[in-house]
Amino acid sequence: MWWHDLLWGFFNGLTAWVILIAHVFGKWDRFPFYDPARGGNWYDFGFLVGAGSPLLGTLNGKRRSSE
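Parameters at a glance
- Residues numbered from 1 in each chain as written.
- Predicted model: local features only at pLDDT ≥ 70, side-chain atom pairs only at ≥ 80, totals over all residues.
- Heavy atoms only, no water.
- Helix = DSSP H or I, 4+ residues; strand = E, 2+ residues; numbered from the N terminus.
- Buried < 20%, exposed > 50% of the residue type's maximum accessible area, 1.4 Å probe, protein only.
- Contact = heavy atoms within 4.5 Å.
- Phe/Tyr/Trp six-rings, centres within 6.5 Å; stacked < 30°, edge-to-face > 60°.
- Patch = residues over 30% accessible without salt bridge, like charges linked within 9 Å, V, L, I, M, F, W, Y side chains within 5 Å.
- Areas by Shrake-Rupley, 256 points an atom, 1.4 Å probe, with all protein chains shown as cover.
- Salt bridge = Lys/Arg side-chain N within 4 Å of Asp/Glu carboxyl O.

Enquirer: Would you mind going over the overall build of the protein with me for this structure?
Expert: Within the protein, the secondary structure is distributed over 2 helices and 0 strands. Burial analysis of the protein (67 residues in total) assigns 18% to the buried set. A separation threshold of at least 6 residues defines the contact pool for the protein, and within that pool the share at least 24 residues apart is 64%.

Listed below in structure tokens is the structure:
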């Protein structure tokens with residue numbers, strides 16, 4: 001189902017930052033950064049939204065002007 005791929009992509013995108021940092025230090029080699037078996041349009045979209053959401057949250061906080 002398409003929404004399974006979307007949710008898995010979103011979850012993997014959210015956890016991608018933690019796994020990326022772990023991979024840099026040589027840990028968690030058995031956990032992939034991106035799951036190519038699930039690769040598809042909905043998974044890719046969910047992954048991009050999930051991976052970009054922490055960045056979008058920090059950018060939104062910086063835009064506020066102090067009055």
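Enquirer: Just to check I follow, could you spell out the environment of phenylalanine 33 for this structure?
Expert: Relative to the elements of secondary structure, phenylalanine 33 occurs in the loop between helix H1 (2-24) and helix H2 (41-63). Given the relative accessible area of 35%, phenylalanine 33 is considered partly exposed. A sequence separation of 21 residues divides phenylalanine 33 from asparagine 12, and the C-alpha atoms of the two residues are 7.7 Å apart. When residues no more than four places from it in sequence are discounted, the contact partners of phenylalanine 33 are Ala16, Ile19, Leu20 and Phe47.

Enquirer: I keep staring at the packing of aromatic side chains and nothing clicks. Help me out?
Expert: How two aromatic rings sit relative to each other is given by the distance of their centres and the angle of their planes. Inspection of every chain in the model, using the stated rule, returns 6 aromatic pairs. A centroid spacing of 6.0 Å and a plane angle of 80 degrees characterise the contact between tryptophan 8 and phenylalanine 11, whose relative ring orientation is edge-to-face. Residue tryptophan 8 and its partner phenylalanine 11 are located together in helix H1, separated by 3 residues, close to a single helical turn. Between the aromatic rings of tyrosine 34 and phenylalanine 47, the centroid separation amounts to 5.2 Å while the plane-to-plane angle is 90 degrees, which identifies the pairing as edge-to-face. Of this pair, tyrosine 34 sits in the loop between H1 and H2 while phenylalanine 47 sits in helix H2, and the two are 13 residues apart along the sequence. For phenylalanine 47, a relative accessible area of 10% puts it in the buried group. Aromatic rings pair up to connect Trp2, Trp42 and Phe45 into one cluster.

Enquirer: I'm lost on a nonpolar patch on the surface in this one. Help?
Expert: Together, Met1, Trp2, Trp3, Leu7, Phe10, Leu14, Trp42, Phe45 and Val49 make up a nonpolar patch on the protein surface, roughly 940 Å² of accessible area in all. Among the elements that make up the nonpolar patch, the one with the highest residue count is H1 (5 residues). The exposure class of methionine 1 is exposed, given its relative accessible area of 67%.

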